[in-house]
Amino acid sequence: MGSMHRRIQWPDGKSFAFTIFDDPDYQGSGSVEPVYALLSELGLRTTVSAWPVRGAGRPRIGGITCEDVAYREWLLDLQRKGFEIGLHNVTYHTSARPETSDGLERFKELFGHYPHSMANHSGCREGMYWGRDRLSGVHRLVYDLLHPHQSRNEFEGHKQHSPLFWGDLCQEKIRYVRNFTFSDINTLKACPFMPYQDPDRPFVQSWFAGSEGPCVTTFTNLLCEENQDRLVAEGGASIMYTHFSQGFVENGRVHKRFEVLMRRLSRLNGWFVPVHTLLDFLATTQTTHIIPRSDRSHLERRWLLQKILKTRGRS
């Protein structure tokens, strides 16, 4: 895949691209606002995903939703400043089709459009091609071995017989869905095909990848000075996957190491735009949007190897 690494002519003479997709897990009042104040100050515009409704059930992993008035107003203010509001399923627990449909309409009512981008929430069984269905063939069998207690029908959002099915709504209303994440700062190098269409998973318009930074430690390790310089040298693009609720704010203040790294990054010649803006631009540079099965198999294999290494002790 290294030979297929795409060198991009970035807009406005920029040397590289950088953005973040922040999942809302565990967020509460005051838990992430200082992070976004810093990003706004530095001129970085990123994506924060949200749950538009508060469901009636109990979440496995919860957080704050758009039914909290103060939180909703804060998100709308971020949107006015140029940040993207994405989707993390319509609420923090499993939703049947009618609830998902209503949640998508509520998102549009709040933010003026359907979500441009989304990521599946692990606590939602209506996940779109999630769990073992992220993978194909022998890679799916390996995944099953790694997850012996996960049902083969754990995630059913794409299964037309299921009451959780909403694949047609996803295909119609959402442009980009995140799948694989990699331990490489240069997401475009790890997945040079993105945004890509997968003929075997037709209910998603286009897929994108992410770079692994789920908590402050993994995020700052991946965004270290050496990796920042490599991202610039490679002319790459980084879409960091994270949860800003996980250690980025301590006693109301932004984690010091994170702040140092973000200030350094902001001084480099980067194109700092939300996820969907970056993906829209990358789509214009492609000759084809359909990923060949052999290349998707390579992505699956690389992602699985990373998972296997993590289960052997990598944090």
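Check the entry above for the structure.
Residues numbered from 1 in each chain as written. Predicted model: local features only at pLDDT ≥ 70, side-chain atom pairs only at ≥ 80, totals over all residues. Heavy atoms only, no water.

Asker: Any chance you could explain the overall build of the chain here in plain terms?
Answerer: The secondary structure content of the chain amounts to 11 helices and 10 strands. Against the compact-globule benchmark of 20 Å for 315 residues, the chain has a radius of gyration of 19 Å, which places it among compact chains. Projected onto the principal axes, the alpha-carbon positions of the chain cover approximately 50 × 50 × 40 Å. Within the chain, buried positions represent 59% of all 315 residues. Within the chain, contacts between residues separated by at least 24 positions form 82% of all contacts whose residues are at least 6 apart in sequence. Roughly 13100 Å² of accessible area belongs to the chain as shown, and the carbon and sulfur atoms make up 49% of that amount. When the 39 positive and 35 negative side-chain charges of the chain are each reduced to one mean point, those points stand 4 Å apart. (Helix = DSSP H or I, 4+ residues; strand = E, 2+ residues; numbered from the N terminus. Rg over C-alpha atoms; globule rule 2.2 N^0.38 Å. Buried < 20%, exposed > 50% of the residue type's maximum accessible area, 1.4 Å probe, protein only. Contact = heavy atoms within 4.5 Å. Areas by Shrake-Rupley, 256 points an atom, 1.4 Å probe, with all protein chains shown as cover. Lys, Arg positive; Asp, Glu negative; His and termini not counted. Charge placed at Lys NZ, Arg CZ, Asp CG, Glu CD.)

Asker: How should the pairing of strand 2 (residues 47–50) be read in this particular structure?
Answerer: Across the two faces of strand 2 the burial is the same, with Thr-47 and Ser-49 and Val-48 and Ala-50 all buried. The pairing of strand 1 (residues 16–22) with strand 2 spans 2 bridges and is classified as parallel. By the bridge assignment, Asp-22 is partnered in strand 2 with Val-48. Taken together, the 4 bridges between strand 2 and strand 3 (residues 84–87) define a ladder with parallel strand orientation. By the bridge assignment, Thr-47 is partnered in strand 3 with Glu-84. After leaving strand 2, the chain enters helix 2 (residues 69–80) and then returns to the sheet as strand 3, a path that is right-handed. (Pairing = 2+ DSSP bridges. Right-handed = clockwise from strand over helix to strand, strands pointing away.)

Asker: Is there a simple way to think about helix 4 (residues 137–146) in this case?
Answerer: Helical geometry note: an α-helix holds 3.6 residues per turn, so side chains three or four residues apart project in the same direction. For helix 4, the full list of buried residues reads His-139, Tyr-143 and Asp-144. For helix 4, the buried positions fall inside an angular range of 150° around the axis, keeping them on one side. Seen from the open side of helix 4, the exposed residues pointing more than 90 degrees away from its buried face are Gly-137, Val-138 and Leu-145. (Arc of directions from axis to C-beta.)

Asker: Explanation requested: unusual backbone geometry in the structure shown.
Answerer: Across the chain, the bulk of peptide bonds are trans and the bulk of non-glycine residues have phi less than zero. Geometrically, the link from Met-194 to Pro-195 is a cis peptide bond, its omega value of -5° lying close to zero. Here Pro-195 shows up in the loop between helix 6 (187–190) and strand 6 (206–212). At Tyr-26, a residue that is not glycine, the phi angle is positive and equals roughly 70°. Considering the arrangement of structural elements, one finds Tyr-26 in the loop between strand 1 and helix 1 (33–42).

Asker: Honestly, the packing of helix 8 (residues 225–234) against helix 9 (residues 256–266) in this entry has me stumped. Any pointers?
Answerer: The description of two helices packed together rests on the angle between their axes and the distance between the axes. It is the contact of helix 8 with helix 9, at a shortest axis distance of 11 Å, that shows an interaxial angle of 25°. Relative to helix 9, the element helix 8 is oriented roughly parallel. For the element pair helix 8 and helix 9, the recorded crossing hand is right-handed. Contacts between helix 8 and helix 9 involve Glu-225, Gln-228 and Asp-229 on the former and, on the latter, Arg-257, Leu-261, Arg-264 and Leu-265. Broken down by class, the residue content of the contact of helix 8 with helix 9 amounts to 2 nonpolar, 1 polar and 4 charged. (Axes fitted to C-alpha atoms, helices over the stretch in contact; angles between N-to-C directions. Parallel < 35°, antiparallel > 145°, perpendicular 65-115°, else oblique. Left-handed = near helix turned anticlockwise from the far one by under 90°. Nonpolar A, V, L, I, M, F, W, Y, C, P; charged D, E, K, R; others polar.)

Asker: I would appreciate a short explanation of the state of the cysteines in the present structure.
Answerer: A covalent bond bridging the sulfur atoms of two cysteines is what the word disulfide describes. What the rule picks out here adds up to 0 disulfides. Just so you know, Cys-124 is unpaired, no disulfide at all, and the nearest cysteine sulfur is the one on Cys-170, 13 Å from it. Given the relative accessible area of 0%, Cys-124 is considered buried. Not engaged in a disulfide, the cysteine Cys-215 finds its nearest cysteine sulfur in Cys-224; these two sulfurs lie 15 Å apart. (Disulfide = S-S within 2.5 Å.)

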